[in-house]
Amino acid sequence: MSRIVIALGGNALQEPGKPATAEAELSIVDQTCEQIVESIRLGNEVVLTHGNGPQVGRLILQNEYGAALTPAMPFDVCGAMSQGMIGYHLVQGMARAMRLSGVKRQAVALVTQVRVNGLDPGFANPTKPVGPFYTQKEAQRLIAERGYAMKEDAGRGWRRVVASPEPLEIVELDAVRTLVEKGFIVVAAGGGGVPVVLDADGDLNGIAAVIDKDLAGERLAEGLDADTLLMLTAVEEVYLHFGTPSQQALHRITQEQARRYIGEGHFAAGSMLPKMEAALRFASSKPGRRAIITAPLCASRALCGEAGTIIA
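Presented here is a report on the structure given in the accompanying data block. (Residues numbered from 1 in each chain as written. Predicted model: local features only at pLDDT ≥ 70, side-chain atom pairs only at ≥ 80, totals over all residues. Heavy atoms only, no water.)

**Describing the layout of surface pockets**
By volume, the second largest pocket is sized at about 320 Å³. Considering the residues around the second largest pocket, the lining is formed by 16 residues, among which Thr127, Ser164, Glu166, Leu215 and Glu277 are closest to the centre. Broken down by element, the lining of the second largest pocket gets its largest block of residues, 3 residues, from helix α8 (residues 272–285). Residue classes in the lining of the second largest pocket are distributed as 6 nonpolar, 5 polar and 5 charged. (1 Å grid on protein atoms, 1.4 Å probe; cavity = no way out; pocket = protein on both sides within 12 Å on 5 of 7 lines; lining within 4 Å. Points joined across faces, edges and corners; volume = space filled by probe spheres on them. Helix = DSSP H or I, 4+ residues; strand = E, 2+ residues; numbered from the N terminus. Nonpolar A, V, L, I, M, F, W, Y, C, P; charged D, E, K, R; others polar.)

And the structure:
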């Protein structure tokens, strides 16, 4: 039996060009869960984590526009709300997929805190995209009107960016481990977890940030002593010179190659870079571990070594 942590990117939760409704999200989640159940049918233990950039961005917009009617919730609370919402959809999707496949298991979602350092340099240099895409003109208006930090996102448009500190500790790790060992399919550390900092009294307090879900997933995978970290994203493989005539797909690469490609600046910050960093960290954390980056529909083949970018 192999233990696999699967980190779901935005395209595993939301289809580009479709309305951002709960019904549309649940529809794409159902397709993703069908792929995940194949891994469970083979006898693997599976833990799920997920991103929340679009969802938490919309929750923040709803809070801002509704502030005249009801008090806006702080950023960390919006993160917890998105964890609950997406976790609920994943639990429903997994239940449906397991019923159709004859798998007798139960999925549970755990709202998870992740400890960060309040002095992390990420707070001085926001890089994590949240919310929808904007044109350059719309982005400039939001900078002027609301003081947002906005950056162009890999040629797809402009997005608001927030602090993305390093994850230090999965606070509820013991609870996740217990649930996994009892046979549950656990959804944990969603959206990178709710970022919290430890105060002088030893209490945890929320802070405005979004932890990268792949780096948090790597921390979760290490803590659970997983064998594989599988990151599902918009592309089947990682590319060098992505989007240019000379782009080159990466299949099975070594840790040294991954380290060199990262150092050469091939991957966009806030996009493929954290995935490659998470993959390298996990693969190098213990002999025999592997990290895979691929698209949701390629998940089963990637786990068999037939698709995706694999770092071992």
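This is not the end of the story, as more comes after the structure.
**Observations regarding the nonpolar core**
Generally speaking, soluble globular proteins have nonpolar side chains that are buried together. Formed by 41 residues in total, the largest nonpolar core has its most connected members in Val5, Leu220, Phe267 and Met276. Put simply, the parts of the chain that give this core at least two residues each are β1 (3–8), α5 (173–181), α6 (213–223), β12 (228–232), β13 (238–240), α7 (255–263), α8 and β16 (290–294). With 8 residues, the single largest contributor to this core is α8. Within the second largest apolar cluster, 30 residues are counted, among which are Ile40, Val46, Val103 and Ile310. (Core = buried A, V, L, I, M, F, W, Y, C linked by side-chain atoms within 4.5 Å. Buried < 20%, exposed > 50% of the residue type's maximum accessible area, 1.4 Å probe, protein only.)

**A word on empty space enclosed by the protein**
Scanning the model with the defined rule gives 3 cavities of 30 Å³ or more in all. The computed volume of the largest cavity comes to approximately 70 Å³. Lining the largest cavity are Gly57, Ile60, Leu61, Val130, Gly131, Pro132, Tyr134, Leu142, Tyr148 and Arg160. If one sorts the elements of the lining of the largest cavity by residue count, strand β5 (residues 128–134) sits on top with 4 residues.

**Considerations on the environment of Ser285**
Its place among the elements puts Ser285 in helix α8. On the basis of relative accessible area, Ser285 is assigned to the partly exposed category, the value being 30%. The spatial distance from the C-alpha of Ser285 to the C-alpha of Ser27 is 36 Å, given a sequence separation of 258 residues. Engagement of the side chain of Ser285 in a polar contact is seen with the backbone oxygen of Phe282, the distance being 2.6 Å. (Polar contact = N/O pair within 3.5 Å; in protein donor to acceptor, adjacent residues only side chain to side chain.)

**Some words on the pattern of salt bridges**
Counted according to the given criterion, the structure contains 16 salt bridges. For Glu45, the salt bridge identified is with Arg3, shortest N-O distance 2.7 Å. Of the two residues, Glu45 is situated in strand β2 (residues 45–50) and Arg3 in strand β1; the sequence distance between them amounts to 42 residues. One exposure class covers both Glu45 and Arg3, and it is buried. Arg259 is the salt-bridge partner of Glu256, the closest N and O atoms lying 3.4 Å from each other. (Salt bridge = Lys/Arg side-chain N within 4 Å of Asp/Glu carboxyl O.)

**Details of the sheet that holds β16**
Pairing is mixed across the open sheet formed by 8 strands, whose spatial order is β3-β9-β2-β1-β12-β16-β17-β15. Across the chains shown, the open sheet's two edge strands, defined by having one partner strand only, are β3 (107–109) and β15 (252–253). Relative to strand β17 (residues 309–311), β15 runs parallel, the two being bridged by 2 bridges. Bridged to Arg252 within β17 is Ile310. On the sheet, helix α1 (residues 22–41) packs against β1, β2 and β9 (185–187) and is oriented at approximately 155° with respect to β2. (Pairing = 2+ DSSP bridges. Contact = heavy atoms within 4.5 Å. Axes fitted to C-alpha atoms, helices over the stretch in contact; angles between N-to-C directions.)

**What to know about the packing of α6 against α8**
At a closest axis distance of 8 Å, the pairing of α6 and α8 adopts a crossing angle of 15°. Taken together, the axes of α6 and α8 lie roughly parallel to each other. Relative to α8, the crossing made by α6 is right-handed. Residues Lys213, Asp214, Leu215, Glu218, Ala221 and Glu222 of α6 form the contact with α8, whose participating residues are Pro274, Lys275, Glu277, Ala278, Arg281, Phe282 and Ser285. (Parallel < 35°, antiparallel > 145°, perpendicular 65-115°, else oblique. Left-handed = near helix turned anticlockwise from the far one by under 90°.)

**A look at the state of the cysteines**
Within the structure shown, the criterion is met by 0 disulfides. Left without a disulfide partner, Cys298 is nearest to the cysteine sulfur of Cys304, which lies 12 Å away. Take Cys298: its relative accessible area is 9%, and that puts it in the buried class. (Disulfide = S-S within 2.5 Å.)

**Focus on the sheet that holds strand β7 (residues 158–162)**
A sheet is described by the order of its strands in space; here 3 strands give the open sequence β5-β7-β6, paired in antiparallel fashion. Every interior strand has two partners, whereas the edge strands, β5 and β6 (150–152), have only one. Across the sheet, the mean angle separating the axes of adjacent strands is 40° when strand polarity is ignored. In terms of strand pairing, β6 meets β7 through 3 bridges, oriented antiparallel. From the neighbouring strand, Lys151 faces β7, where its bridge partner is Arg159. Strands β5 and β7 of the sheet are contacted by helix α2 (residues 53–65), whose axis makes an angle of about 70° with β5.

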